[in-house]
Amino acid sequence: MRKDRVAQFKKRLVEKHRQLSEEVVRTALYGKDQEDDSIKDLGDQANTAYTREFFFELGSSDRRMLRDVISALQRIEDGSFGCCERCGEAISEKRLAALPVARHRIDCQR
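The rules behind the values
For every chain, the first residue of the written sequence is number 1, and numbering continues from 1 along that sequence. At least 70 in pLDDT is required for a residue's local features to be given in this predicted model, at least 80 for side-chain atom pairs to be given and counted, and no such filter applies to totals for whole chains, interfaces and linings, which use all residues. No hydrogens and no water enter the side-chain calculation; it runs on all heavy atoms of the structure. Every helix listed is a DSSP run of H or I at least four residues long, and every strand listed is a run of E at least two residues long, numbered separately from the N terminus. With a 1.4 Å probe rolled over the protein chains alone, any residue whose accessible area is under 20% of its type maximum counts as buried; one over 50% counts as exposed, and the rest are partly exposed. Contacts are residue-level and defined by heavy atoms, with any inter-residue pair within 4.5 Å sufficient. Salt bridge, as applied in this entry: a Lys or Arg side-chain nitrogen positioned within 4 Å of an Asp or Glu carboxyl oxygen. Here is the rule: rings of Phe, Tyr and Trp (six-membered ring for Trp) pair when centre to centre is within 6.5 Å. Planes less than 30 degrees apart are stacked, more than 60 are edge-to-face, and the remainder are tilted.

Some details on the environment of Leu66
Next, step 1: Tracing the backbone through its elements, the reader meets Leu66 in helix 2 (residues 42-78).
Next, step 2: The buried category is assigned to Leu66, whose relative accessible area is 14%.
Next, step 3: Between the C-alpha atoms of Leu66 and Lys16, which are 50 residues apart in sequence, the distance is 8.0 Å.
Next, step 4: In this view, Leu66 contacts His17, Leu20, Ser21 and Val24; residues no more than four positions away in its chain are not counted.

Brief notes about the pattern of salt bridges
Next, step 1: Considering all chains together, one arrives at 10 salt bridges under this definition.
Next, step 2: For the salt bridge of Glu22 with Arg18, the shortest nitrogen-to-oxygen distance reads 2.8 Å. On the criterion of helical spacing, the pair formed by Glu22 and Arg18 is a turn pair, its members being four residues apart in helix 1 (residues 3-32).
Next, step 3: Among the residues examined, Glu22 registers a relative accessible area of 38% and is labelled partly exposed.
Next, step 4: With a closest N to O distance of 3.9 Å, Arg105 and Glu89 form a salt bridge. Note that Arg105 is positioned in the loop between helix 3 (93-98) and helix 4 (106-109) and Glu89 in the loop between helix 2 and helix 3, a separation of 16 residues in sequence.
Next, step 5: Since its relative accessible area comes to 21%, Arg105 is described here as partly exposed.
Next, step 6: With a relative accessible area of 46%, Glu89 lands in the partly exposed category.

What about the packing of aromatic side chains?
Here the distance between the centres and the angle between the planes together describe a pair of aromatic rings.
Next, step 1: Here the structure, examined in full by the defined rule, presents one aromatic pair.
Next, step 2: Ring geometry for Phe9 versus Phe81: centroids 5.6 Å apart, planes at 50°, classification tilted. Note that Phe9 is positioned in helix 1 and Phe81 in the loop between helix 2 and helix 3, a separation of 72 residues in sequence. Take Phe9 and Phe81: they sit in the same class, and that class is buried.

Examining the side chain of Arg75
Next, step 1: Looking at the secondary structure, you find Arg75 in helix 2.
Next, step 2: Setting aside residues no more than four positions away along its own chain, Arg75 makes contact with Ser80, Phe81, Glu85, Val101, Ala102 and Arg103.

Okay, structure coming up:
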């Protein structure tokens, strides 16, 4: 893969890393800022529990994506970015444009 294309992917991944890092912190802080359940009625407690769980799941998804972005940035640094981890062949640039964190070619992913 050409160095200019790798640089473009790196720029996108660095920006995604920044966004996800901010979002992970934001959802973690929101979950901690919930009010004390002991003073609410049962309905309010259930609503608060649901909201906490919802933000926890959002945070989990963001953390997984952040981990994938960090992995892709490491592959750029070690020179293996764009190579399938399963077969070693090149991942198509179309696939990487759609999903820069892709670790496998479409055939190997299936």
